[in-house]
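Fold and contact review
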Amino acid sequence: NAGVTQTPKFRILKIGQSMTLQCAQDMNHNYMYWYRQDPGMGLKLIYYSVGAGITDKGEVPNGYNVSRSTTEDFPLRLELAAPSQTSVYFCASSYPGLARELFFGEGSRLTVL
Amino acid sequence: AQTVTQSQPEMSVQEAETVTLSCTYDTSESDYYLFWYKQPPSRQMILVIRQEAYKQQNATENRFSVNFQKAAKSFSLKISDSQLGDAAMYFCAYRSEGSGNTPLVFGKGTRLSVIA
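Below you will find a few notes about this structure. (Residues numbered from 1 in each chain as written. Chains lettered and ligands numbered in written order. Predicted model: local features only at pLDDT ≥ 70, side-chain atom pairs only at ≥ 80, totals over all residues. Heavy atoms only, no water.)

Examining the state of the cysteines
- Under the counting rule described, the total for this entry stands at two disulfides over all chains.
- Sulfur-sulfur distance for the disulfide between A:Cys23 and A:Cys91 comes to 1.8 Å. Because the torsion about its S-S bond is -75°, the bridge between A:Cys23 and A:Cys91 counts as left-handed. Of this pair, A:Cys23 sits in strand S3 (residues 19-25) while A:Cys91 sits in strand S9 (residues 87-94), and the two are 68 residues apart along the sequence. This pair shows no difference in class: A:Cys23 is buried, exactly as A:Cys91 is.
- Through a disulfide, B:Cys23 is tied to B:Cys92; the S-S separation comes to 2.0 Å. Its S-S torsion of about -70° marks the bond between B:Cys23 and B:Cys92 as left-handed, since a negative value means left-handed. (Disulfide = S-S within 2.5 Å. Helix = DSSP H or I, 4+ residues; strand = E, 2+ residues; numbered from the N terminus. Buried < 20%, exposed > 50% of the residue type's maximum accessible area, 1.4 Å probe, protein only.)

Here you go:
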């Protein structure tokens, strides 16, 4: 059971470059999320999706875009990378419902130089 | 907006001893869930325990238990018989009824060291 799979695990970008972080889950979860974790900080929500074709902004959406064309996949696009986007990015998924835990991927460490 | 505060950036405990990690939160909602997640050096986020606001009984999972004080908006995690494998970042998180499916709001975390 793969769970939530993120690729790549590590990436170095130059300022102004663009890239896509991939996220796939095989648990048939409706809900998917992207968080970023800066050093010494908790996780901050970037975008989330409650189902295919539906996405919503989180706390820190600027500089990012997402799409949800299938239940399984939820890619995060970084346009015009900036040093402030240096962070560890986590994708997560869950079933609907308050009690439902989030299942996380292993994270993707992105450095923008 | 809901906020979650973990006032202890770092804690340490001797192996086999007990440690309590603090968490407070701010909300005007009546129904919500609280969670503790563990993040070891591998970065993998692992659910430790969860508590529903309507349940007065404190949740327990083996060596992990919570002290949930709804009126005080406090949700501390107690780890008994600490083991070396408990060393990790611990995050408190909140999820409200709100729209019914709101994402988790996380605190900044507490780094726990276990001393052999």
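After that view of the structure, there is still more to cover.
Quick word on the pairing of strand S5 (residues 32-39) of chain B
All names here are of chain B.
- With eight of its eight residues buried, S5 lies for the most part within the structure.
- Here S5 shows two buried faces, one formed by Tyr32, Leu34, Trp36 and Lys38 and the other by Tyr33, Phe35, Tyr37 and Gln39.
- Pairing geometry for S5 and strand S10 (residues 88-96), over eight bridges, is antiparallel. When the sheet's bridge partners are listed, Phe35 is paired in S10 with Ala93.
- Two strands pair when backbone bridges link them, and S5 and strand S6 (residues 46-52) are joined in this way by six bridges, in the antiparallel orientation. Bridge pairing links Trp36 to Ile49 in S6.
- Remark: six residues form the turn of the hairpin made by S5 and S6, two consecutive strands paired antiparallel; Arg43 in that turn has positive phi of roughly 80°. (Pairing = 2+ DSSP bridges.)

These values are about where atoms sit, not about what they do.
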